[in-house]
Amino acid sequence: MSQSAVEINILGKAYKMACPQGQESALLEAAEILNEKIAELKQRTKIAKSEQLAVMAALNFCHELKLEQAKNNEYADTMAQRIQLLQSTIENALIEKGIEKNDL
């Protein structure tokens, strides 16, 4: 996949980033979200140092990501259990009807 250079601004500083073609708008949107999060942290915490704000924003995003991953894992586990139950129910119904799995 080819790359293109995209200029983004974080905390008023321009950065040129390599980006897969077709993903430029997603990268720009991510930069906008990061700037909003940093501005929110700056207002809420009264921290002025850009580096500290960036680290805090990164930690917040990582925490949110871990929470979402835990939710996804829990959902996947629940779905696996439901599928297993459904499979077992179908197999039992087939056995009751005298149909073997190999007959299908």
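In what follows, the structure referred to is the one given above.
Alternating residues of strand E1 (residues 3-10) divide into Ser4, Val6, Ile8 and Ile10, all buried, and Gln3, Ala5, Glu7 and Asn9, none buried. Across eight bridges, the pairing between E1 and strand E2 (residues 13-20) is antiparallel. Residue Ser4 lies in a different strand from E2, and its bridge partner there is Cys19.

In this fold, Lys37 is placed in helix H1 (residues 24-45). Within polar-contact distance, the side chain of Lys37 engages the side chain of Glu64 at 3.3 Å. Setting aside residues no more than four positions away along its own chain, Lys37 makes contact with Ala57, Asn60, Phe61 and Glu64.

Quick look at the packing of H1 against helix H2 (residues 50-96) now. Running from N to C, H1 and H2 cross one another at 115°; their axes reach a closest spacing of 9 Å. As judged from the angle between their axes, H1 and H2 are roughly perpendicular. The way H1 lies across H2 gives a crossing that is right-handed. Taken together, the residues of H2 that come into contact with H1 (itself represented by Ile33, Leu34, Lys37, Ile38, Leu41, Lys42, Arg44 and Thr45) are Leu53, Ala54, Met56, Ala57, Asn60, Phe61 and Glu64. Of the residues in the contact of H1 with H2, the class split is nine nonpolar, two polar and four charged.

Taking 1.5 Å as the rise per residue, H2 with 47 residues should run 69 Å; its terminal C-alpha atoms sit 68 Å apart, in good agreement. Contacts made by the buried residues of H2 are with H1. Looking one or two residues beyond H2, the residue adopting positive phi is Gly98, at roughly 80°.

What follows deals with the state of the cysteines. Tallied over the full model, the rule gives zero disulfides. The thiol of Cys19 is unpaired, and the distance to the nearest cysteine sulfur, on Cys62, comes to 20 Å. When its relative accessible area of 4% is taken as the criterion, Cys19 is described as buried. Here Cys62 falls in the partly exposed class, since its relative accessible area comes to 46%.

Let's shift gears to the environment of Glu68. Note that Glu68 resides in helix H2. The class for Glu68 is partly exposed, based on a relative accessible area of 39%. Residues Glu68 and Glu36, spaced 32 residues apart in sequence, show a C-alpha to C-alpha distance of 20 Å. At a separation of 3.1 Å, a polar atom in the side chain of Glu68 contacts the side chain of Lys71.

Cut-offs used in this document
Residues numbered from 1 in each chain as written. Predicted model: local features only at pLDDT ≥ 70, side-chain atom pairs only at ≥ 80, totals over all residues. Heavy atoms only, no water. Buried < 20%, exposed > 50% of the residue type's maximum accessible area, 1.4 Å probe, protein only. Helix = DSSP H or I, 4+ residues; strand = E, 2+ residues; numbered from the N terminus. Pairing = 2+ DSSP bridges. Polar contact = N/O pair within 3.5 Å; in protein donor to acceptor, adjacent residues only side chain to side chain. Contact = heavy atoms within 4.5 Å. Axes fitted to C-alpha atoms, helices over the stretch in contact; angles between N-to-C directions. Parallel < 35°, antiparallel > 145°, perpendicular 65-115°, else oblique. Left-handed = near helix turned anticlockwise from the far one by under 90°. Nonpolar A, V, L, I, M, F, W, Y, C, P; charged D, E, K, R; others polar. Expected span 1.5 Å × (residues − 1). Disulfide = S-S within 2.5 Å.

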